[in-house]
Amino acid sequence: ILSNGGSAKEYQNSKPITKKPIPFIAVPTTSGTGSEATRVCVATNKEAHVKKSFYSDMMSAQVVILDPTATQFLPKSITSATAMDALSHAVESYVSLNAHPVSEMFSLKAAELINESLICAYNDGNDLEARLNMALASYFAGVALTVGVGIAHIIAQPIGALYKIPHGNACSILLPESMKVNLPKAYSKYSKLALSLGVYSDRLNEMENANRAIEKVEQIRSDINASKRLSEFVDAGDINIDAILENIALSTGHIMTNPVTVTNELLSKLITKCI
């Protein structure tokens, strides 16, 4: 805005970014969004209750500093919520329809680091090795995001704007169920993901290992006391699925990289399971 003028709302509505922005040095203070690795900005329009992205290659950071002491004193609740965002990025980018060998490398390494270090970082914020590994995981998952996310994010971003659910908490609620939705199309990749998550077995077939990967994600979520239901934030009776679907159309309806074709019926069923 400093270099191009206008407002965030205008850029959400496709105002072009034509002038090079001021230098951008990113120092992430959570290990979750991966925004230090992306060209994307997510902004909330509080009047319209819409959370929508805009992006440009010129919005990428020129320098990224991953300093584990920047996350050393995070509350456990923030450590867990942001970590589930990073894990969602790793999983969804890995099975994205646009995934390629380079993005898959970043996705799998992010998942591996989260599996190895998240519990330690959660239990002991002063474990700087675990904190650094989580910072790397968040960054790697952010790099992988160039290929797009899936149905968990299609819902998480709009639902966060409607009901003021922090993004990481929304991702935590939606990720396991979204993996189950994508299982018929993504089981082969989930089987490989099981290896990065430390639960792969040579004695099992791809579908069995894929289910192990989903179970591991659910176990990680439980181990760090991350959010499991939308009703933790909003009364079940106040959740308006039609309003959510309308908001999705306004904010994330452009996402077309989910393994299973996304329909309103599929979205409704998934949201209902997460209430």
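Refer to the structure presented above.
Residues numbered from 1 in each chain as written. Predicted model: local features only at pLDDT ≥ 70, side-chain atom pairs only at ≥ 80, totals over all residues. Heavy atoms only, no water.

Enquirer: Lay out the packing of aromatic side chains with the relevant residues and their values.
Expert: What the rule picks out here adds up to three aromatic pairs. Pairing Phe106 with Phe140 gives two aromatic rings, centres 5.7 Å apart and planes at 55 degrees, and the pair type is tilted. Placement of the pair is Phe106 in helix α3 (residues 101-123) and Phe140 in helix α4 (residues 128-144), with a sequence separation of 34 residues. Just above the ring of Tyr94 sits the side chain of Lys189; from NZ or CZ to the centre is 4.8 Å. (Phe/Tyr/Trp six-rings, centres within 6.5 Å; stacked < 30°, edge-to-face > 60°. Helix = DSSP H or I, 4+ residues; strand = E, 2+ residues; numbered from the N terminus. Lys NZ or Arg CZ within 6 Å of the ring centre and 35° of its normal.)

Enquirer: So what's going on with the environment of Ile248? Residues and values would help.
Expert: Mapping Ile248 onto the fold places it in helix α8 (residues 241-251). Under the relative-accessibility criterion, Ile248 is labelled buried at 5%. With 94 residues separating them along the chain, Ile248 and Ile154 place their C-alpha atoms 6.8 Å apart. The contact partners of Ile248, leaving out residues within four places of it in the chain, are Ile154, Ile155, Pro158, Gly253 and Leu267. (Buried < 20%, exposed > 50% of the residue type's maximum accessible area, 1.4 Å probe, protein only. Contact = heavy atoms within 4.5 Å.)

Enquirer: Tell me what's going on with the pattern of salt bridges, and back it up with residues and numbers.
Expert: Pairing is possible between side chains of opposite charge, provided their charged atoms come close. Summed over the entire model, instances satisfying the criterion amount to six salt bridges. Across the salt bridge formed by Arg39 and Asp57, the nearest N and O atoms sit 3.0 Å from each other. Of the two residues, Arg39 sits in the loop between β1 (25-26) and β2 (40-45) while Asp57 sits in the loop between β3 (50-55) and β4 (63-64), which places them 18 residues apart along the sequence. Its relative accessible area of 60% is what places Asp57 among the exposed residues. Among the salt bridges present, the one from Glu177 reaches Lys180, with a minimum N-O distance of 3.4 Å. Residue Glu177 and its partner Lys180 are both found in helix α6 (residues 167-196); the two are separated by three residues, about one turn of the helix. Of the residues examined, Glu177 reaches a relative accessible area of 17% and is grouped as buried. (Salt bridge = Lys/Arg side-chain N within 4 Å of Asp/Glu carboxyl O.)

Enquirer: Which residues make up the nonpolar core, and what values do they have?
Expert: Leu87, Met179, Tyr190, Leu193 and Leu197 are the most contacted members of the largest nonpolar core, which totals 36 residues. Looking at this core, the elements with two or more residues in it are α2 (76-94), α3, α4, α6 and α7 (206-223). Setting aside residues no more than four positions away along its own chain, Leu87 makes contact with Ile114, Leu175, Val217 and Ile220. Membership of the second largest hydrophobic core comes to 28 residues, among which are Leu145, Val149, Val234 and Ile239. (Core = buried A, V, L, I, M, F, W, Y, C linked by side-chain atoms within 4.5 Å.)

Enquirer: Please give an account of a nonpolar patch on the surface that cites residues and values.
Expert: Side chains of Ile25, Val27, Val63 and Ile65 sit close together on the surface and give an oily, nonpolar patch of about 330 Å² of accessible area. Here Ile65 is to be found in the loop between β4 and α2. On the basis of relative accessible area, Ile65 is assigned to the partly exposed category, the value being 40%. (Patch = residues over 30% accessible without salt bridge, like charges linked within 9 Å, V, L, I, M, F, W, Y side chains within 5 Å. Areas by Shrake-Rupley, 256 points an atom, 1.4 Å probe, with all protein chains shown as cover.)

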